[in-house]
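# Understanding the architecture of this molecule
Residue-level listing of the chains:
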Amino acid sequence: MSSLQRLLACLISLALLAAPAAQAGGYERVAIPSEQGTLTGVFYLPAGQGPFPAVIALHGCGGLWREQGQLSMRHADWGERLAAAGFAVLMPDSYGSRGLGSQCGVKDLTVRAGRERVADAAAARVWLQQRNNIKRDSIALLGWSSGGLTVLTAIRKEQAPTDGKPDFKRAAAFYPACRSQSESPSFSARIPLLILMGDADDWTPAAPCSHLAKAAQARGEQVGLVLYPGALHDFDHPRLEVKERDNIAYSASGTGKVTVGTNMAAREDALKRVKAFLTAP
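Since the model is a prediction, treat every value here as computed from it, not as a measurement.

## Brief notes about the packing of helix 2 (residues 73–84) against helix 7 (residues 264–279)
One way to put it is that helix 2 packs onto helix 7 with a least axis distance of 12 Å and a crossing angle of 45°. The pairing of helix 2 with helix 7 is recorded here as oblique in orientation. For the crossing formed where helix 2 meets helix 7, the hand is right-handed. Facing helix 2, whose interface residues are Asp77, Trp78, Arg81 and Leu82, helix 7 presents Arg267, Ala270, Leu271, Val274 and Leu278. Taken together, the residues of the contact of helix 2 with helix 7 sort by class into six nonpolar, no polar and three charged.

## Thoughts on the packing of aromatic side chains
In this structure the tally under the stated criterion is nine aromatic pairs. With 5.7 Å between their ring centres and 75° between their planes, tyrosine 175 and phenylalanine 235 make a pair best called edge-to-face. Taken together, the residues tyrosine 175 in the loop between strand 6 (171–174) and helix 5 (179–182) and phenylalanine 235 in the loop between strand 8 (223–228) and strand 9 (243–245) connect sequence positions 60 residues apart. Residue tyrosine 175 shares its accessibility class with phenylalanine 235, and that shared class is buried. By way of ring pairs, the aromatic residues Trp78, Trp144, Phe174, Tyr175, Tyr228 and Phe235 are connected into one cluster.

## Here we look at the pattern of salt bridges
In total, this model carries 13 salt bridges according to the counting rule given. Salt-bridge contacts for arginine 81 lead to aspartate 77; the nearest nitrogen and oxygen are separated by 3.0 Å. One end of the pair is arginine 81 and the other is aspartate 77, both in helix 2 and four residues apart, which spans about a single turn. Aspartate 77 sits in the buried class, given a relative accessible area of 13%. Ionic pairing is found between arginine 112 and glutamate 116, a salt bridge with its closest N-O pair at 2.6 Å. Given a relative accessible area of 33%, arginine 112 falls into the partly exposed group. Taken together, the shared-partner salt bridges in this structure form one network comprising Asp77, Arg81, Arg267 and Glu268.

## Notes on unusual backbone geometry
Between glycine 50 and the following residue, proline 51, the backbone shows a cis peptide bond with an omega angle of 5°. Of note, the phi angle at serine 145 is positive, near 55°, even though the residue is not glycine. Of note, serine 145 is situated in the loop between strand 5 (134–144) and helix 4 (146–154). Assessed through its relative accessible area of 10%, serine 145 is described here as buried. The backbone phi angle of aspartate 234 is positive, close to 70°, even though this residue is not glycine.

Criteria and thresholds
Residues numbered from 1 in each chain as written. Predicted model: local features only at pLDDT ≥ 70, side-chain atom pairs only at ≥ 80, totals over all residues. Heavy atoms only, no water. Axes fitted to C-alpha atoms, helices over the stretch in contact; angles between N-to-C directions. Helix = DSSP H or I, 4+ residues; strand = E, 2+ residues; numbered from the N terminus. Parallel < 35°, antiparallel > 145°, perpendicular 65-115°, else oblique. Left-handed = near helix turned anticlockwise from the far one by under 90°. Contact = heavy atoms within 4.5 Å. Nonpolar A, V, L, I, M, F, W, Y, C, P; charged D, E, K, R; others polar. Phe/Tyr/Trp six-rings, centres within 6.5 Å; stacked < 30°, edge-to-face > 60°. Buried < 20%, exposed > 50% of the residue type's maximum accessible area, 1.4 Å probe, protein only. Salt bridge = Lys/Arg side-chain N within 4 Å of Asp/Glu carboxyl O.

Right, here's the structure in full:
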């Protein structure tokens, strides 16, 4: 992290801590200690006293926020739905905490899925496990796109916690970039994993994830893959018209252009499927 990024992150943390905890939409902004400095985030709590099972939700390359400091529509939708289903939901802000905006067009990443963001997920787990209203042994991971790749990296066997605290219970990844993990001879999932993708995704194609899932299943690992016919990247967004995006650093075609958009049939199935997966014993 550069000195400018550290300064920006410090200012963000001070502003967060000075702000009222309660926010519109049923969440509060929180500060999460980590080895890389304070990590800011968004925290949803269900109604009641708990203790609650929890989900750590990891944003994609666009970050956690949209204009005017509003939580992005996808994250707000998932946060509210999971909280209504009885989960505490913690969404660490891997980019804003470091003074960064969207990283979708950045090739030389300084906040990488396999390093800094895995560390962020671990810090979020520890923060949750220190709370009396959280079930320490019932914390799941959920991620979208680059956040999904973070999930894949975080659940590798060699990434198991060494702090004596309970591990993540389950993990779900929406349209992750699977190639690096599928080509890794040492990839092995230590906890149940569910991958959800559209078979028409031209940003993070499904084929590497299919290869990864089949290889993991052959080893006896609990890795499932759901492919939605005709669905694109961002298919679970509450309301995103199908459109082309450009200036994408890593597109399947190499042109920097990708297609994104909601697929209502896939979205509705995914909402039910993820809830059932996270609540399974």
